[in-house]
Amino acid sequence: MATTAQDVRTIALSLPDSSEKLAWGMPTFRVSGKIFAALADDDTSIGVKCPKEDRAELIAAEPEKFFMRAGHDDNYAWLRVRLAAVQDEEELRSILTDAWLQAAPKRLAAAHPELGGGTD
């Protein structure tokens, strides 16, 4: 069963200190005011915070799942994920948690080692 926009909302808001705010006409999910994920306006994909150096490898490995919006995502540490290609809620949780860790303040991430936010 494909993951849904409601799954995104439920998981994103379950992460510590996360909130939802409408921006550019779509729901965005934030931690400490920084966006870590956003639902596309058609609810079929999400944008997530992702290091620029990791994007090409992810897209090459699973092009049916990961993509970039040409001309828009090039300059940002951002990656798109097709919800229909996400295996299950566990994988979606992993994707959203990774994005949350990219945006969360180091002190907050370190306070949640269960999310992989241990100190470097």
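Placed above this text is the structure.
Position numbers for residues count from 1 along each chain, tracking the sequence in the order it is written. With pLDDT at 70 or above as the cut-off, local features in this predicted model cover only qualifying residues; side-chain atom pairs require 80 or more to be listed or tallied, and sums for whole chains, interfaces and linings still use all residues. The basis for the side-chain values is all heavy atoms of the structure; hydrogens and waters are excluded.

Trainee: Report on the overall build of the chain, specifying residues and quantitative values.
Mentor: Strands are runs of DSSP state E lasting at least two residues, helices are runs of H or I lasting at least four, and both sets are numbered from the N terminus onward. Tallying secondary structure elements over the chain gives 4 helices and 6 strands in all. Along the chain, helices (α) and strands (β) appear in the sequence α-β-β-β-β-α-β-β-α-α when read from the amino end. Atoms counted for the radius of gyration: C-alpha only. Globule rule: 2.2 Å times residue count to the power 0.38. Its C-alpha atoms give the chain a radius of gyration of 13 Å, within 12% of the compact-globule value 14 Å for 120 residues. The principal-axis extents of the C-alpha atoms in the chain amount to approximately 35 × 30 × 30 Å. For every residue, the accessible area obtained with a 1.4 Å probe (protein chains only) is divided by the maximum for its type, and the residue is called buried under 20%, exposed over 50%, and partly exposed between those limits. Expressed as a percentage of its 120 residues, the buried residues of the chain come to 43%. Long-range contacts, defined here as pairs at least 24 residues apart, represent 47% of the contacts in the chain between residues at least 6 apart. Using the Shrake-Rupley algorithm and a 1.4 Å probe, accessible areas are obtained, with residue cover drawn only from the displayed protein chains. Looking at the chain as shown, the accessible area adds up to about 6900 Å², and 51% of this sits on carbon and sulfur atoms. Residue contacts follow a heavy-atom distance rule, with two residues in contact if any of their heavy atoms lie within 4.5 Å.

Trainee: Now, about the layout of surface pockets: what can you tell me, with residues and values included?
Mentor: Here the idea is plain: a probe the size of a water molecule rolls over the atoms and shows the empty space left. If you add up the space inside the largest pocket, you get close to 380 Å³. Residues are said to line a cavity or pocket when one of their atoms sits within 4 Å of a point; the points come from a 1 Å grid over protein atoms alone, cavities being sets where a 1.4 Å probe fits but cannot get out and pockets being open sets with protein on both sides within 12 Å along at least five of seven lines. Lining the largest pocket are 19 residues, with W24, I35, H72, W78 and R80 sitting closest to its centre. Contributions of two or more residues to the lining of the largest pocket are made by β2 (26-31), β3 (34-39), β4 (45-49) and β6 (78-82). Grid points are joined across faces, edges and corners, and a volume is the space filled by probe spheres set on the points.

Trainee: Give a description of the environment of K21 that names residues and reports values.
Mentor: With respect to the element layout, K21 can be found in strand β1 (residues 18-23). A sequence separation of 87 residues divides K21 from L108, and the C-alpha atoms of the two residues are 20 Å apart. Sequence-distant contacts of K21, defined by excluding residues within four places in its chain, comprise M26, P27, T28 and R30.

Trainee: Please set out the nonpolar core residue by residue, giving values where relevant.
Mentor: Residues belong to a common nonpolar core when they are buried Ala, Val, Leu, Ile, Met, Phe, Trp, Tyr or Cys residues joined through side-chain atoms within 4.5 Å. Counting 28 residues, the largest nonpolar core has V8, F36, I46, V48, L92, L96 and W100 as its most contacted members. Only α1 (5-14), β2, β3, β4, β6, α3 (89-103) and α4 (106-110) provide two or more residues apiece to this core. In terms of residue count, α3 provides more of this core than any other element does, 6 residues in total. Discounting residues that sit within four places of it in the chain, V8 has contacts with F29, L39, I46, L83, L92 and L96.

As far as function goes, none of this settles anything; it's purely spatial.
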